[in-house]
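Examination of the molecular architecture
For reference, the chains in residue letters:
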Amino acid sequence: MSSFFTDAGQALRLEGKVALIIGGSSGIGNGIAQRFRQQGATVHVTGTRADAHAYADDGSALTGLHYSQLDVSDASALQAWEPEIETLDILVMAQGTVVYRRQEFEPSTFNHVVNVNLLSVMQLATRFYPLLMERQGSMIFIGSIGAFKSVVGNPAYAASKAGLLGLTRTLGDAWGREGVRVNAIAPGMIATKMTEVTTSHPERLKNALETISLGRLGQPADVANLALFLVSPLASYITGQTLVVDGGRSL
């Protein structure tokens with residue numbers, strides 16, 4: 001019977017693994033990148049700024065990470081990007097954007113948000129799939145609980161995250177047959193720069209906390225811990241799933 005079980009502590013170690021976190025320069029992606037690094041992985045991250053030093057004043061932790069500039073909304077830049085990665089075990093898609101004040105009802109803004117949140121995910125997933133297949137690796141997409149409900153004022157964000165839900169199911173099925181697991185995480189209200197429009201406003205923050213069963217904002221570490229589980233052997237029988245980490249907000 002012991003052959004069916006793995007020591008949990010050892011299973012969560014990532015020595016010898018290479019991970020690429022798209023959007024790993026800040027927010028949730030940065031939290032995941034540093035968690036993987038702490039567990040022994042060689043971690044590559046992307047961001048839109050010229051170099052890692054440009055994030056010094058934003059609270060991002062880029063120590064020990066290999067940084068590369070990439071703007072996933074720029075089709076030509078995406079096509080030309082050549083990261084120095086020869087092998088790959090883990091790919092995390094943490095890129096994302098949202099535009100407030102109902103600007104997403106404008107066609108150009110709608111297209112931009114969908115391009116970043118959904119189309120770039122598929123482009124990069126297919127690009128790195130061959131490397132992941134060689135190592136029988138895994139992918140994680142960062143979605144949102146906005147995939148399951150209305151997001152008033154943000155139709156592009158809601159549509160792109162709902163699309164990511166379907167993409168996770170389909171790729172998890174198609175590529176799981178070839179040994180590459182694809183899963184997604186749907187966070188709720190996580191304390192990052194993207195959510196400052198709510199968290200920095202006392203009344204909005206109070207209202208948000210009242211919707212969260214656990215009574216607190218999520219932290220990037222809450223998402224990172226789930227990501228670590230999903231890329232580990234402990235999750236070796238999980239593919240095509242979107243797991244919610246929201247403190248009960250979607251209940």
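See the structure printed just above.
The notes below deal with the structure included here.

The rules behind these values
- Residues numbered from 1 in each chain as written.
- Predicted model: local features only at pLDDT ≥ 70, side-chain atom pairs only at ≥ 80, totals over all residues.
- Heavy atoms only, no water.
- Helix = DSSP H or I, 4+ residues; strand = E, 2+ residues; numbered from the N terminus.
- Buried < 20%, exposed > 50% of the residue type's maximum accessible area, 1.4 Å probe, protein only.
- Expected span 1.5 Å × (residues − 1).
- Contact = heavy atoms within 4.5 Å.
- Axes fitted to C-alpha atoms, helices over the stretch in contact; angles between N-to-C directions.
- Parallel < 35°, antiparallel > 145°, perpendicular 65-115°, else oblique.
- Left-handed = near helix turned anticlockwise from the far one by under 90°.
- Nonpolar A, V, L, I, M, F, W, Y, C, P; charged D, E, K, R; others polar.
- Core = buried A, V, L, I, M, F, W, Y, C linked by side-chain atoms within 4.5 Å.

Some details on the environment of L234
- Mapped onto the elements, L234 comes out in the loop between α8 (220–231) and β7 (242–245).
- You can call L234 partly exposed: its relative accessible area is 36%.
- In this structure, the C-alpha to C-alpha distance between L234 and L12, residues 222 residues apart in sequence, is 8.0 Å.

Focus: helix α2 (residues 27–38)
- If you check α2, its first and last C-alpha atoms are 17 Å apart, about what 12 residues at 1.5 Å a residue would give, namely 16 Å.
- Listing the buried residues of α2 in full gives I28, G29, N30, G31, I32, A33, Q34 and F36.
- Buried-residue contacts for α2 involve β1 (18–22), β2 (42–47), β4 (90–93), β5 (138–142), β6 (181–187) and α8.
- Remark: G40 follows α2 within two positions and exhibits a positive phi of approximately 105 degrees.

Side note on the packing of α2 against α8
- Where α2 meets α8, the closest approach of the two axes is 8 Å, and the angle between their N-to-C directions is 55 degrees. In terms of orientation, α2 and α8 fall into the oblique class. Seen from above, α2 lies across α8 with right-handed handedness. On the side of α2, the interface is formed by G27, I28, G31, I32, R35 and F36, while α8 contributes P220, V223, A224, N225, A227, L228 and V231.
- Along the lines of polarity and charge, the residues of the contact of α2 with α8 split into nine nonpolar, three polar and one charged.

A closer look at the environment of L14
- Looking at the element boundaries, L14 is found in the loop between α1 (8–11) and β1.
- Using a relative accessible area of 3% as the deciding quantity, one classes L14 as buried.
- Separated by 26 residues in the primary sequence, L14 and G40 place their C-alpha atoms 4.9 Å from one another.

Points about the packing of helix α4 (residues 107–135) against helix α5 (residues 155–176)
- Between α4 and α5, whose axes approach to 8 Å, the crossing angle comes to 15 degrees. Judged by the inter-axis angle, α4 sits roughly parallel to α5. Judged by the sense of rotation from one axis to the other, the crossing of α4 with α5 is right-handed. Contact with α4, carried on its side by F110, V113, V114, N117, L118, V121, M122, A125, T126 and Y129, involves P155, A156, Y157, A159, S160, K161, G163, L164, L167, L171 and W175 of α5 and no other residues of that element.
- Among the residues forming the contact of α4 with α5, the class breakdown is 16 nonpolar, four polar and one charged.

Side note on the nonpolar core
- By size, the foremost hydrophobic cluster in this structure holds 33 residues, and its most contacted members are L88, L91, M139 and F141.
- If you list the elements that add at least two residues to this core, you get β1, β4, α4, β5, α5 and β6.
- Considering every element that reaches this core, the biggest residue donor is α4, with 11 residues.
- When near neighbours in sequence (up to four residues on either side) are disregarded, F141 contacts M93, V121, A125, L164, L167, T168, L171, V182, N183, A184 and I185.
- Counting residues in hydrophobic clusters, the runner-up holds 29 residues, among them A19, V45, L62 and L228.

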